Amino acid sequence: MGDSNNVNLPPGFRFYPTDEELVVHFLQRKAALLPCHPDVIPDLDLYPFDPWELDGRALAEGNQWYYYSRRTQNRVTANGYWNPMGIEEAVVSNSSNRRVGIKKFYVFYVGEAPHGNRTNWIMQEYRLSDSAASSSRSSTKRKSQPKTDHSKWVVCRVHESDENDDDGDGDGTELSCLDEVFLSLDDLDEVSLPN
């Protein structure tokens, strides 16, 4: 990523937030117009940009890009569109075991809907759950802020998935390191050790 978005974190620190951290520590504060420390995630009107154009505009960490955007139904870019996939997943707080947000997955298609070509670009869009959004709205009203509905903010995580995510056998299963070690032990029967 370009130098314009380098995060001023000490060496060795990386930005790899959990789903809960993205919602509770970043999105809820953004929706309530509260400062966020560190203030590292930029505001970006995502939808004019294709995913490969995020470099230099969004916060990059590894192969993932993070940014705030306004929630909209129009997810069309100059060269394609973001299409929802699957169902929405609840983001649950580990401490209180209550739902704090909702995560929805999108895949990017090049071309015009509905006949575009699927790409490997995946977006996770996080929004506040209804209860979290209403508490953010009420906190902004208590502070006599403008009556803009800030609960429409989302935080997005975009990445390009690896084409070789499976091990090539087509069933989608992947062996852990321990499984590979145990499987290699079966080959010891064929190894002759010196006497």
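The protein appears in an unreviewed UniProt entry as NAC domain-containing protein from Arachis hypogaea.

Here we look at the pattern of salt bridges
As enumerated under the stated definition, the model contains seven salt bridges in all. In this structure, Lys103 engages Asp19 in a salt bridge whose closest nitrogen and oxygen atoms are separated by 2.8 Å. Pair noted here: Lys103 is in strand β4 (residues 99-110) and Asp19 is in helix α1 (residues 19-31), with a separation of 84 residues, a long-range link. Accessibility expressed as a relative area gives 9% for Lys103, which makes it buried. The partner of Arg157 in a salt bridge is Asp19, with the nearest N and O atoms 3.5 Å apart. With Arg157 in strand β6 (residues 153-160) and Asp19 in helix α1, the pair connects residues that are 138 residues apart, well separated along the chain. Its relative accessible area of 9% is what places Arg157 among the buried residues. Look at the salt bridges and you will find they share partners, linking Asp19, Glu89, Lys103 and Arg157 into a network.

Considering the pairing of strand β5 (residues 117-128)
With nine of 12 residues buried, β5 lies mostly within the body of the structure. Strand direction decides the pairing type here: β4 and β5, joined by nine bridges, are antiparallel. Looking at β5, one finds that Val110 is bridged to Asn117. Counted between consecutive antiparallel strands, the loop separating β4 from β5 contains six residues, among which Gly111 sits at a positive phi close to 110 degrees.

Overview of the environment of Asp19
Assessed through its relative accessible area of 22%, Asp19 is described here as partly exposed. Counting along the chain gives 105 residues from Asp19 to Gln124, while the straight-line C-alpha distance between them is 9.7 Å. Setting aside its immediate chain neighbours within four residues, Asp19 contacts Val91, Lys103, Gln124, Tyr126 and Arg157.

Notes on the confidence of the model for the protein
Low pLDDT means the predicted coordinates in that region are not meant to be read closely. In this model, the protein carries an average pLDDT of 78, and 67% of its residues clear a pLDDT of 70 or more. Considering only residues more than four positions removed or in separate chains, one finds that residues 136-148, a stretch of pLDDT under 50, has 14 contacts. In the predicted structure, residues 166-173 sits below a pLDDT of 50 and forms two contacts with residues beyond four places in sequence or in another chain.

Cut-offs applied
Residues numbered from 1 in each chain as written. Predicted model: local features only at pLDDT ≥ 70, side-chain atom pairs only at ≥ 80, totals over all residues. Heavy atoms only, no water. Salt bridge = Lys/Arg side-chain N within 4 Å of Asp/Glu carboxyl O. Helix = DSSP H or I, 4+ residues; strand = E, 2+ residues; numbered from the N terminus. Buried < 20%, exposed > 50% of the residue type's maximum accessible area, 1.4 Å probe, protein only. Pairing = 2+ DSSP bridges. Contact = heavy atoms within 4.5 Å. pLDDT = per-residue confidence, 0-100.

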